[in-house]
Amino acid sequence: KVNNRRTKIMDKSALNRATDSTSAPTPGYLYNDIAKSCSTSPQVCIETVQFLTSKLSKNNPHVKKKCLKVLAKACVHPSTRGMLKRAVFQNPTAVTAIKEATQWRGTMDAVTGDQWNVEVREAAKECLEAVYSDAGETGQSQLAGGGMTGLGGGGMGGSAPMAGIGGGGYGGPAGGGYGGAMGG
(Lines give C-alpha, C1' and ligand atoms only; values in the text may rest on other atoms or scores of the structure.)
Protein backbone atom coordinates (compact mmCIF):
# COMPACT_ATOMS: atom_id res chain seq x y z
CA LYS A 1 0.00 0.00 0.00
CA VAL A 2 1.47 3.32 -1.05
CA ASN A 3 1.02 6.28 1.24
CA ASN A 4 1.49 9.60 -0.54
CA ARG A 5 1.55 11.60 2.68
CA ARG A 6 4.93 11.77 4.33
CA THR A 7 4.53 10.27 7.76
CA LYS A 8 6.57 11.87 10.48
CA ILE A 9 8.19 9.12 12.51
CA MET A 10 11.03 9.08 14.99
CA ASP A 11 14.49 8.17 13.73
CA LYS A 12 14.80 4.80 15.48
CA SER A 13 18.06 4.01 13.70
CA ALA A 14 19.72 7.18 15.00
CA LEU A 15 18.33 6.59 18.49
CA ASN A 16 19.71 3.03 18.54
CA ARG A 17 23.12 4.20 17.33
CA ALA A 18 23.18 7.03 19.89
CA THR A 19 22.29 4.69 22.77
CA ASP A 20 24.36 1.61 21.99
CA SER A 21 25.85 -0.43 24.82
CA THR A 22 29.51 0.41 24.20
CA SER A 23 31.56 2.84 26.26
CA ALA A 24 32.34 4.89 23.13
CA PRO A 25 30.84 8.38 23.25
CA THR A 26 27.84 9.21 21.09
CA PRO A 27 28.87 11.12 17.95
CA GLY A 28 27.77 14.75 18.14
CA TYR A 29 26.00 14.72 14.79
CA LEU A 30 23.52 12.14 16.15
CA TYR A 31 22.34 14.60 18.80
CA ASN A 32 21.59 17.10 16.04
CA ASP A 33 19.88 14.51 13.86
CA ILE A 34 17.66 13.34 16.72
CA ALA A 35 16.76 16.90 17.72
CA LYS A 36 15.90 17.78 14.12
CA SER A 37 13.70 14.70 13.78
CA CYS A 38 11.95 15.69 17.02
CA SER A 39 11.24 19.12 15.59
CA THR A 40 8.97 17.66 12.89
CA SER A 41 5.97 17.08 15.17
CA PRO A 42 4.87 16.68 18.78
CA GLN A 43 4.03 13.03 18.07
CA VAL A 44 7.65 12.33 17.14
CA CYS A 45 8.71 13.90 20.44
CA ILE A 46 6.29 11.68 22.37
CA GLU A 47 7.53 8.54 20.59
CA THR A 48 11.16 9.54 21.15
CA VAL A 49 10.59 10.09 24.87
CA GLN A 50 8.81 6.74 25.16
CA PHE A 51 11.61 4.97 23.30
CA LEU A 52 14.36 6.53 25.43
CA THR A 53 12.41 5.90 28.63
CA SER A 54 12.05 2.22 27.76
CA LYS A 55 15.81 2.01 27.15
CA LEU A 56 16.47 3.68 30.51
CA SER A 57 15.16 0.52 32.16
CA LYS A 58 18.19 -1.41 30.88
CA ASN A 59 20.85 -2.22 33.46
CA ASN A 60 23.78 -1.25 31.22
CA PRO A 61 25.28 2.00 32.54
CA HIS A 62 26.41 3.06 29.05
CA VAL A 63 22.87 2.78 27.67
CA LYS A 64 21.45 4.68 30.63
CA LYS A 65 24.00 7.47 30.37
CA LYS A 66 23.53 7.82 26.62
CA CYS A 67 19.72 7.90 26.88
CA LEU A 68 19.96 10.66 29.46
CA LYS A 69 22.48 12.61 27.37
CA VAL A 70 20.31 12.34 24.25
CA LEU A 71 17.29 13.60 26.18
CA ALA A 72 19.26 16.46 27.71
CA LYS A 73 20.87 17.63 24.50
CA ALA A 74 17.71 17.28 22.41
CA CYS A 75 15.63 19.16 25.01
CA VAL A 76 17.86 22.22 24.83
CA HIS A 77 18.41 22.08 21.06
CA PRO A 78 16.87 25.16 19.46
CA SER A 79 15.15 23.22 16.68
CA THR A 80 12.85 21.35 19.10
CA ARG A 81 11.30 24.65 20.27
CA GLY A 82 10.41 23.14 23.65
CA MET A 83 8.31 20.33 22.15
CA LEU A 84 10.55 17.61 23.55
CA LYS A 85 10.50 19.19 27.03
CA ARG A 86 6.71 19.21 26.94
CA ALA A 87 6.71 15.56 25.87
CA VAL A 88 8.87 14.70 28.89
CA PHE A 89 6.67 16.75 31.26
CA GLN A 90 3.56 15.03 29.99
CA ASN A 91 5.04 11.56 30.47
CA PRO A 92 5.20 10.81 34.21
CA THR A 93 7.03 7.55 33.52
CA ALA A 94 9.85 9.48 31.84
CA VAL A 95 10.17 11.98 34.68
CA THR A 96 10.20 9.15 37.23
CA ALA A 97 12.81 7.19 35.26
CA ILE A 98 15.09 10.24 35.04
CA LYS A 99 14.71 10.98 38.75
CA GLU A 100 15.41 7.33 39.62
CA ALA A 101 18.58 7.48 37.53
CA THR A 102 19.93 10.22 39.83
CA GLN A 103 20.03 7.56 42.57
CA TRP A 104 21.07 4.63 40.37
CA ARG A 105 23.59 2.16 41.75
CA GLY A 106 24.78 -0.46 39.31
CA THR A 107 27.29 -3.21 39.73
CA MET A 108 30.89 -2.21 40.25
CA ASP A 109 33.20 -2.76 37.32
CA ALA A 110 36.45 -4.64 37.98
CA VAL A 111 38.54 -2.06 36.14
CA THR A 112 36.70 1.25 36.50
CA GLY A 113 34.98 0.70 39.83
CA ASP A 114 31.98 2.96 40.32
CA GLN A 115 32.94 5.41 37.53
CA TRP A 116 30.18 4.36 35.09
CA ASN A 117 27.53 4.53 37.80
CA VAL A 118 28.67 7.99 38.86
CA GLU A 119 28.49 9.11 35.23
CA VAL A 120 24.91 7.83 34.99
CA ARG A 121 23.93 9.83 38.07
CA GLU A 122 25.64 12.96 36.75
CA ALA A 123 23.96 12.55 33.34
CA ALA A 124 20.60 12.19 35.09
CA LYS A 125 21.16 15.44 36.98
CA GLU A 126 22.15 17.20 33.75
CA CYS A 127 19.06 15.79 32.07
CA LEU A 128 16.78 17.08 34.83
CA GLU A 129 18.41 20.51 34.61
CA ALA A 130 17.89 20.56 30.84
CA VAL A 131 14.29 19.38 31.06
CA TYR A 132 13.37 21.84 33.80
CA SER A 133 15.30 24.79 32.39
CA ASP A 134 13.36 27.52 30.69
CA ALA A 135 16.33 28.92 28.83
CA GLY A 136 15.16 30.77 25.78
CA GLU A 137 11.48 30.28 26.60
CA THR A 138 10.30 32.45 29.50
CA GLY A 139 13.41 33.74 31.22
CA GLN A 140 12.83 31.72 34.40
CA SER A 141 16.31 30.20 34.14
CA GLN A 142 17.79 33.53 35.18
CA LEU A 143 15.92 33.26 38.49
CA ALA A 144 17.24 29.78 39.15
CA GLY A 145 20.74 30.48 37.84
CA GLY A 146 21.46 33.51 40.00
CA GLY A 147 21.45 36.16 37.28
CA MET A 148 22.09 36.86 33.67
CA THR A 149 25.68 36.91 32.58
CA GLY A 150 27.42 38.54 29.68
CA LEU A 151 25.25 41.66 29.44
CA GLY A 152 26.44 43.90 32.26
CA GLY A 153 29.75 45.30 33.32
CA GLY A 154 29.31 44.38 36.94
CA GLY A 155 27.28 42.30 39.30
CA MET A 156 24.43 43.23 41.58
CA GLY A 157 24.60 43.14 45.32
CA GLY A 158 22.13 41.28 47.46
CA SER A 159 19.98 38.48 46.11
CA ALA A 160 18.57 40.16 43.00
CA PRO A 161 17.89 37.58 40.32
CA MET A 162 18.91 39.50 37.22
CA ALA A 163 21.68 41.95 36.42
CA GLY A 164 20.73 44.81 34.16
CA ILE A 165 22.33 45.89 30.96
CA GLY A 166 24.95 48.51 31.60
CA GLY A 167 27.94 49.56 33.59
CA GLY A 168 28.21 49.29 37.34
CA GLY A 169 26.38 47.16 39.78
CA TYR A 170 23.46 48.67 41.63
CA GLY A 171 23.62 47.61 45.23
CA GLY A 172 19.96 48.15 45.99
CA PRO A 173 18.56 50.29 48.83
CA ALA A 174 20.76 48.67 51.44
CA GLY A 175 23.75 48.23 49.15
CA GLY A 176 25.07 51.78 49.14
CA GLY A 177 24.09 53.11 45.72
CA TYR A 178 25.68 52.80 42.33
CA GLY A 179 29.11 51.42 41.74
CA GLY A 180 31.60 51.97 38.97
CA ALA A 181 31.73 55.19 36.92
CA MET A 182 28.24 56.28 37.98
CA GLY A 183 29.51 57.76 41.23
CA GLY A 184 27.45 57.70 44.31
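What counts, and where the lines are drawn
- Sequence order as written defines the numbering, with residues in each chain counted from 1.
- Only residues with pLDDT of at least 70 get local features here, since the model is predicted, and only at 80 or more are side-chain atom pairs given and counted; chain-wide, interface and lining totals rely on the full set of residues.
- To obtain the side-chain values, all non-hydrogen atoms of the structure were included, while hydrogens and water were left out.
- The term nonpolar core refers to a set of buried residues drawn from Ala, Val, Leu, Ile, Met, Phe, Trp, Tyr and Cys, joined through side-chain atoms within 4.5 Å.
- Summary of the burial criterion: residues with accessible area below 20% of their type's maximum are buried, those above 50% are exposed, and those between are partly exposed, where the area comes from a 1.4 Å probe applied to protein chains only.
- For the purposes of this entry, the term helix denotes a DSSP run of H or I that reaches at least four residues, the term strand denotes a run of E that reaches at least two, and both are numbered from the N terminus.
- What makes two residues a contact is simply this: any of their non-hydrogen atoms within 4.5 Å.
- By this rule, a helix spans an expected 1.5 Å times one less than how many residues it contains.
- Salt bridges are identified by distance alone: a Lys or Arg side-chain nitrogen within 4 Å of an Asp or Glu carboxyl oxygen.
- For helices, the axis comes from a line fit to the C-alpha atoms of the stretch in contact; other axes are also lines fit to C-alpha atoms, and the angle between any two N-to-C directions lies between 0 and 180 degrees.
- Relative orientations are named as follows: roughly parallel for angles under 35 degrees, roughly antiparallel for angles over 145 degrees, roughly perpendicular for angles from 65 to 115 degrees, and oblique for any other angle.
- Helix crossings are classified by the rotation of the near helix relative to the far one: an anticlockwise turn of less than a right angle makes the crossing left-handed, while a clockwise turn makes it right-handed.
- Put simply, Ala, Val, Leu, Ile, Met, Phe, Trp, Tyr, Cys and Pro go in the nonpolar bin, Asp, Glu, Lys and Arg in the charged bin, and everything else, Gly too, in the polar bin.
- The pairing test for Phe, Tyr and Trp rings, Trp by its six-membered ring, is centres within 6.5 Å, and the orientation test on the planes gives stacked under 30 degrees, edge-to-face over 60, and tilted for anything in between.
- Note that the arc is defined by the directions from the helix axis to the C-beta atoms.

Caption draft 1: Up close: the nonpolar core. One finds L68, V88 and I98 to be the most contacted residues of the largest nonpolar core, which totals 40 residues. Elements with a minimum of two residues in this core: α1 (12-18), α2 (28-38), α3 (42-56), α4 (61-76), α5 (83-89), α6 (92-101) and α7 (115-132). Ranked by the residues each element gives to this core, the list is headed by α4, at eight residues. When residues no more than four places from it in sequence are discounted, the contact partners of V88 are V49, L71, C75, A94, V95, I98 and V131.

Caption draft 2: Quick peek at α3. Helix length check: α3, at 15 residues, gives a terminal C-alpha distance of 21 Å against a target of 21 Å (1.5 Å per residue), a fit within 8%. For α3, the full list of buried residues reads V44, C45, T48, V49, F51, L52, T53, K55 and L56.

Caption draft 3: Quick look at the pattern of salt bridges. The full count for this structure, using the stated rule, is four salt bridges. In this structure, D114 and R121 form a salt bridge, with 3.2 Å as the shortest nitrogen-oxygen distance. By relative accessible area, R121 is classed as buried at 11%.

Caption draft 4: Structural context of the packing of α2 against α4. Taken N-terminus to C-terminus, the directions of α2 and α4 make an angle of 60°; their axes are 9 Å apart at the nearest point. Taken as axis vectors, α2 and α4 run oblique relative to one another. Helix-helix and strand crossings are classified by hand; for α2 and α4 the assignment is right-handed. Contacts from Y31, I34 and A35 of α2 reach α4 at K69, V70, K73 and A74. Class assignment of the residues belonging to the contact of α2 with α4 gives a composition of five nonpolar, no polar and two charged.

Caption draft 5: Molecular detail of the packing of aromatic side chains. Applying the stated criterion to the full structure yields one aromatic pair. Each ring, one from F89 and one from Y132, has its centre 5.5 Å from the other, and the planes form 45°; the classification is tilted. One end of the pair, F89, is in helix α5; the other, Y132, is in helix α7, and 43 residues separate them in sequence. Since its relative accessible area comes to 39%, F89 is described here as partly exposed.

Caption draft 6: A look at unusual backbone geometry. Residues other than glycine seldom take positive phi values, yet R81 does so here, at roughly 50°. Here R81 falls in the exposed class, since its relative accessible area comes to 55%.

Caption draft 7: Representation of the environment of C38. Relative to the elements of secondary structure, C38 occurs in helix α2. Among the residues examined, C38 registers a relative accessible area of 0% and is labelled buried. Considered as a pair, C38 and M10 are 28 residues apart in the sequence and their alpha carbons are 7.0 Å apart. Those residues in contact with C38, other than ones at most four positions away along the chain, are V44, C45, T48, T80, M83 and L84.

Caption draft 8: Fine view of α2. Those residues of α2 not exposed but buried are L30, Y31, I34, A35, S37 and C38. Seen along its axis, α2 keeps its buried residues to an arc of 160°; they face one direction.

Caption draft 9: Molecular detail of the packing of α3 against α6. α6 packs onto α3 with a crossing angle of 40° between their chain directions and a minimal axis gap of 10 Å. By the angle between their directions, the pair α3 and α6 is classed as oblique. In this structure, α3 crosses over α6, and the sense of that crossing is left-handed. Residues V49, T53 and L56 of α3 form the contact with α6, whose participating residues are T93, A94, A97 and I98. When grouped by side-chain class, the residues that make up the contact of α3 with α6 number five nonpolar, two polar and no charged.

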